[in-house]
Amino acid sequence: MSLKSMVPAILVCGTLLAPGATAQRKELQQLQRDIVLLQETLRQRDQATSERIAALEALLRQSMEKQDTLNTGNAVLERKISELDTELTEPLRATGAKVDSLTNQFSDLRGTVEEMNLTVERIALDVKDIKTHLSELPPPMLGEDGEGGSESDINTSEAIFEGGMDDYMRGNIDTARGQFMDYLALYPSHAKAGEAQYYLAETYYSAADYEEAARQFERVFRSYPLSPLAPDALYKQGMAFLKMRDRDGAKKAFEDVIKRFPDKSVAQHARGELNTLLNAKPSPAN
């Protein structure tokens with residue numbers, strides 16, 4: 001039962017008291033006044049509570065309004081950022097594509113320049129070899145191809161060369177060596193002089209005289225740089241150095257083959273030997 005519902009019951013009880021009970025009446029009146037004060041206090045508290053609730057509701061509404069405003073602002077900001085990203089992405093993509101294209105063009109140009117440099121270097125080496133060859137050529141002799149050469153002399157030179165080749169193929173190394181030496185002594189400027197010099201070097205290589213073979217092979221590409229066997233002679237010189245365990249000499253010979261004759265098939269063999277040489281550990285000294 002609430003205090004408000006208790007007030008009428010208390011008043012009724014007061015009227016039922018005996019007229020002579022003055023003390024009790026006073027107490028009852030005091031009780032009534034206290035109840036009235038209590039009701040007023042409760043009313044004021046209810047009012048204060050209502051006001052506080054109203055203030056809190058107002059603050060809540062303001063907070064919700066601010067949150068809505070922030071959400072709206074965030075949505076606008078996100079849209080602006082998306083638009084800006086779209087505006088920047090395409091130019092950046094186009095710029096990246098241009099940079100990639102320029103990079104590829106620069107790479108191609110650098111490769112072309114390097115190839116041209118190698119070509120110029122090869123041409124310079126060929127010119128140097130030709131000059132060296134021309135300076136070392138002996139004066140023309142009777143009996144060789146060209147002016148002053150008779151048909152009999154030509155037949156003789158061919159016979160000596162073919163005889164040397166026949167002995168070399170049969171394994172008569174010493175006999176073949178003598179015929180090649182005779183050929184070079186008589187016909188040093190003949191068209192097949194470079195071949196004779198090459199197979200002369202081969203006779204020393206076959207006899208395991210690698211030191212002399214290396215010297216004779218060098219004469220091929222030094223004295224006859226235009227001979228079709230000049231690349232093979234440089235390669236075989238490298239092989240002779242390998243047989244002598246001269247790693248530096250072999251390495252230089254193989255590198256010269258690759259640099260000076262990159263389009264020849266022998267360059268592939270030189271690359272293989274060079275790779276094996278570079279990857280192999282040096283043998284311990286005896």
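Residues take numbers from 1 onward in each chain, read along the sequence in its written order. The model is predicted, so local features are restricted to residues of pLDDT at least 70 and side-chain atom pairs to those at 80 or more, both for listing and for counting; the totals for chains, interfaces and linings are taken over all residues. Processing note: side-chain calculations cover all non-hydrogen atoms of the structure and skip hydrogens and water entirely.

1. What about the overall build of the protein?
Per the convention used, a helix needs a DSSP run of H or I reaching at least four residues, while a strand needs a run of E reaching at least two, with both numbered from the N terminus. On a plain count of helices and strands, the protein comes out with nine helices and zero strands. Taken from the N to the C terminus, the helices and strands of the protein come in the order α-α-α-α-α-α-α-α-α. Each residue is assigned to one of three classes by its accessible area relative to the maximum for its type, calculated with a 1.4 Å probe on protein chains only: buried under 20%, partly exposed between the two thresholds, exposed over 50%. Counting the 286 residues in the protein, one finds 26% classified as buried. The criterion used for residue contact is that any of the two residues' heavy atoms lie within 4.5 Å. When contacts within the protein are restricted to residue pairs at least 6 apart in sequence, those whose partners lie at least 24 apart make up 52%. Values of accessible area rely on a 1.4 Å probe in the Shrake-Rupley scheme; residue burial ignores everything except the protein chains shown. Accessible surface, the protein: about 19,600 Å² in total, of which carbon and sulfur atoms supply 57%.

2. A word on a nonpolar patch on the surface
Residues Leu84, Leu88 and Leu92 make up a contiguous nonpolar surface patch of roughly 300 Å² in combined accessible area. In this fold, Leu84 is placed in helix α2 (residues 22-136). Put simply, a patch holds well-exposed residues, over 30% relative accessible area, that have no salt bridge, with like charges counted together within 9 Å and Val, Leu, Ile, Met, Phe, Trp or Tyr side chains within 5 Å. Between Lys or Arg on one side and Asp or Glu on the other, a salt bridge is scored when a side-chain nitrogen of the former is within 4 Å of a carboxyl oxygen of the latter.

3. Side note on the nonpolar core
Residues enter a nonpolar core if they are buried and are Ala, Val, Leu, Ile, Met, Phe, Trp, Tyr or Cys, with the set joined through side-chain atoms within 4.5 Å. The biggest cluster of nonpolar side chains holds 42 residues, and the ones touching the most others in it are Phe180, Tyr198, Tyr199, Phe217, Tyr235 and Phe254. It is helix α5 (residues 193-206) that provides the largest number of residues to this core, a total of eight residues. Aside from chain neighbours lying at most four places away, what touches Tyr199 is Met165, Tyr168, Phe180 and Leu229.

4. Some thoughts on α5
An α-helical segment advances 3.6 residues per turn. Residues three or four places apart therefore align on the same side. Expected span, for any helix, means 1.5 Å times one less than how many residues it has. Compared with the 20 Å implied by 1.5 Å per residue over 14 residues, the 20 Å span of α5 between its first and last C-alpha is a close match. In terms of burial, α5 is largely enclosed, as 12 of its 14 residues are buried. All of the buried residues in α5 are Ala193, Gly194, Ala196, Gln197, Tyr198, Tyr199, Leu200, Ala201, Glu202, Thr203, Tyr204 and Tyr205.

5. Here we look at the pattern of salt bridges
Evaluated as defined, the whole model comprises 11 salt bridges. In this structure, Lys251 and Glu255 form a salt bridge, with 2.7 Å as the shortest nitrogen-oxygen distance. Of this pair, Lys251 and Glu255 are both found in helix α8 (residues 247-260), four residues apart, which corresponds to roughly one turn of the helix. Judged by relative accessible area, which is 30%, Lys251 ranks as partly exposed. Salt-bridge contacts for Asp256 lead to Lys252; the nearest nitrogen and oxygen are separated by 3.0 Å. With Asp256 and Lys252 both in helix α8, this residue pair falls four residues apart, about one helical turn.

6. Thoughts on the packing of aromatic side chains
Between 30 and 60 degrees the pair is tilted, below 30 it is stacked and above 60 it is edge-to-face, where a pair is any two Phe, Tyr or Trp rings, Trp via its six-membered ring, whose centres lie within 6.5 Å. For the coordinates displayed, the defined rule picks out 10 aromatic pairs. Between the aromatic rings of Tyr198 and Tyr199, the centroid separation amounts to 5.2 Å while the plane-to-plane angle is 90°, which identifies the pairing as edge-to-face. Its relative accessible area of 8% is what places Tyr198 among the buried residues. For Tyr199, a relative accessible area of 19% puts it in the buried group. By way of ring pairs, the aromatic residues Phe161, Tyr168, Phe180, Tyr183, Tyr187, Tyr198, Tyr199, Tyr205, Tyr210 and Phe217 are connected into one cluster. Only when the NZ of Lys or the CZ of Arg is both within 6 Å of the ring centre and within 35 degrees of the ring normal is a charge said to sit over the ring. The ring of Tyr204 carries the charged tip of Arg177 above its face, separated from the ring centre by 4.1 Å. Lying over the aromatic face of Tyr205, Lys236 brings its terminal NZ or CZ to 4.3 Å of the ring centre.

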